[in-house]
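These are the residues of each chain, in order.
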Amino acid sequence: MTTVNNTTATGPSAALLNAVNPQTAATDSVQADQDKFMTLLVTQLKNQDPLNPMDNAQMTSQLAQLNTVTGINKLNATLTAMQADQASTNSMSAISMINHGVLVPGNALTLTEGKSLFGVEVGSHADKLQIDIRNSSGKVVQSFSMDNVDAGTLPLSWDGKTADGKTSPDGAYTIKVTATSGTDTLKDAQALTFGTVASVSTGAAGVKLNIPGIGQLGMADVKQVL
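Given the structure is predicted, the values throughout are model-derived calculations rather than measurements. (Residues numbered from 1 in each chain as written. Predicted model: local features only at pLDDT ≥ 70, side-chain atom pairs only at ≥ 80, totals over all residues. Heavy atoms only, no water.)

Engineer: Help me get a handle on the nonpolar core, residues and values and all.
Structural biologist: Formed by 20 residues in total, the largest nonpolar core has its most connected members in Leu-129 and Trp-158. Among the elements of the structure, strand E2 (108-111), strand E3 (116-122), strand E4 (126-134), strand E5 (140-149), strand E6 (152-158), strand E7 (171-181) and strand E9 (189-196) are those that each provide at least two residues to this core. Once residues within four sequence positions are removed from consideration, Trp-158 is found in contact with Leu-109, Leu-111, Gly-114, Lys-115, Ser-116, Phe-118, Ile-133, Val-141, Gln-142, Phe-144, Ser-168 and Tyr-173. Within the second largest apolar cluster, 12 residues are counted, among which are Met-97, Val-104, Val-200 and Val-207. (Core = buried A, V, L, I, M, F, W, Y, C linked by side-chain atoms within 4.5 Å. Buried < 20%, exposed > 50% of the residue type's maximum accessible area, 1.4 Å probe, protein only. Helix = DSSP H or I, 4+ residues; strand = E, 2+ residues; numbered from the N terminus. Contact = heavy atoms within 4.5 Å.)

Printed below as a string of structure tokens:
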């Protein structure tokens, strides 16, 4: 597994990291609410009836309201800052994946010049793991079998050789994974397809990896970086 190192983003990618600090904006909002409340309170005191001034209970009640509102606003500001920090971390992690190969859920396999990469994810220990590679007609051209496979992600490759030793033509193939434990078929095993991250997008749905031939996927979809 290739270790992904942090990189310094420049150009369009840098725009992901240059947003206005929401923590500062939220803090300013809390201070603005406090200033407005105090201005109204001072104005009320200045214009109160001298013969019927505000009593201590009213003053205490309004100050208590101020503290409650301020506390809620500060909590919201803290949550906003935490979300912004997480978004920034996700953006940095996503940017570092550009030009790296990844394994993501999918059964597609592309053979190019006798080389192909794919993977298998097994959710629990399997007594036997069967992998069938099929051509565009649905015919099985090669099969692999593994015994006593532990839970985890397995990166695999295929050289295009068929079961009878012939060389398969370049093109699109599919993978079928069957994992068993005793006589039971496991439902937590799946095929993984290989792709290369070309770019990163951000939006209301969060950070997305753009992978040609596969589409837009979230960070959680990546099972392994190669």
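So that's the structure; there's more coming.
Engineer: A description of the packing of aromatic side chains should follow, citing residues and the corresponding values.
Structural biologist: Evaluated as defined, the whole model comprises 1 aromatic pair. Plain terms: the ring middles of Trp-158 and Tyr-173 are 5.2 Å apart, the flat faces sit at 80 degrees to each other, and that makes the pair edge-to-face. Placement of the pair is Trp-158 in strand E6 and Tyr-173 in strand E7, with a sequence separation of 15 residues. Per residue, the accessibility class of Trp-158 equals that of Tyr-173, and both read buried. (Phe/Tyr/Trp six-rings, centres within 6.5 Å; stacked < 30°, edge-to-face > 60°.)

Engineer: Could you give me a rundown of the layout of surface pockets, with the residues and numbers involved?
Structural biologist: Estimates place the volume of the second largest pocket at around 170 Å³. Considered class by class, the residues forming the lining of the second largest pocket number 6 nonpolar, 5 polar and no charged. (1 Å grid on protein atoms, 1.4 Å probe; cavity = no way out; pocket = protein on both sides within 12 Å on 5 of 7 lines; lining within 4 Å. Points joined across faces, edges and corners; volume = space filled by probe spheres on them. Nonpolar A, V, L, I, M, F, W, Y, C, P; charged D, E, K, R; others polar.)

Engineer: Describe in detail unusual backbone geometry, supporting the description with residues and values.
Structural biologist: Most peptide bonds take the trans configuration, and most residues that are not glycine carry a negative phi. In this model, Asn-99 sits at a positive phi of 75 degrees, which is unusual for a non-glycine residue. Turning to its location among the elements, Asn-99 is positioned in the loop between helix H2 (56-96) and strand E1 (101-105). Residue class for Asn-99 comes out exposed when judged on its relative accessible area of 64%. Phi angles above zero are rare outside glycine, and Glu-113 is one such case at about 55 degrees. Tracing the backbone shows Glu-113 in the loop between E2 and E3. For Glu-113, a relative accessible area of 68% puts it in the exposed group.

Engineer: So, the sheet that holds strand E12 (residues 215-218): which residues are in play, and what are the values?
Structural biologist: Sheet architecture is open: 3 strands sit in the order E10-E11-E12, paired in antiparallel fashion. Whereas interior strands pair on both sides, the edge strands pair on one side only; in this sheet they are strand E10 (199-203) and E12. Going across the sheet, the axis of each strand differs from the next one's by a mean of 35 degrees, ignoring polarity. (Pairing = 2+ DSSP bridges. Axes fitted to C-alpha atoms, helices over the stretch in contact; angles between N-to-C directions.)

Engineer: I'd like a rundown of the environment of Leu-154, residues and numbers included.
Structural biologist: With respect to the element layout, Leu-154 can be found in strand E6. For Leu-154, a relative accessible area of 23% translates into the label partly exposed. As for Leu-154 and Gly-119, which are separated by 35 residues in sequence, their C-alpha atoms are 5.4 Å apart. In contact with Leu-154, other than residues within four places in its own chain, are Phe-118, Gly-119, Val-120, Leu-129, Met-146 and Val-149.

Engineer: Before we move on, could you go through the side chain of Ser-116 and cite the residues and values that matter?
Structural biologist: Relative to the assigned elements, Ser-116 resides in strand E3. Polar contacts involving the side chain of Ser-116 include one to the main-chain carbonyl oxygen of Trp-158, which spans 2.9 Å. (Polar contact = N/O pair within 3.5 Å; in protein donor to acceptor, adjacent residues only side chain to side chain.)

Engineer: Describe the sheet that holds E1, with residues and values.
Structural biologist: In a beta sheet, neighbouring strands are held together by backbone hydrogen bonds and run either parallel or antiparallel to one another. Ordered in space as E6-E3-E9-E1-E13, the 5 strands form an open sheet in which the pairing is antiparallel. Every interior strand has two partners, whereas the edge strands, E6 and strand E13 (224-225), have only one. The sheet contact formed by E1 and E13 spans 2 bridges and is antiparallel. Note on E13: the bridge partner recorded for Leu-103 is Gln-224.

Engineer: Talk me through the environment of Leu-117; I want residue IDs and the actual numbers.
Structural biologist: Counting through the fold element by element, Leu-117 comes out in strand E3. Look at Leu-117 and you get partly exposed, because its relative accessible area is 39%. On a C-alpha basis, the gap between Leu-117 and Asp-159 in space is 9.0 Å, while along the polypeptide they are 42 residues apart. With residues up to four places along the chain from it excluded, the contact list for Leu-117 reads Leu-156, Ser-157 and Phe-194.

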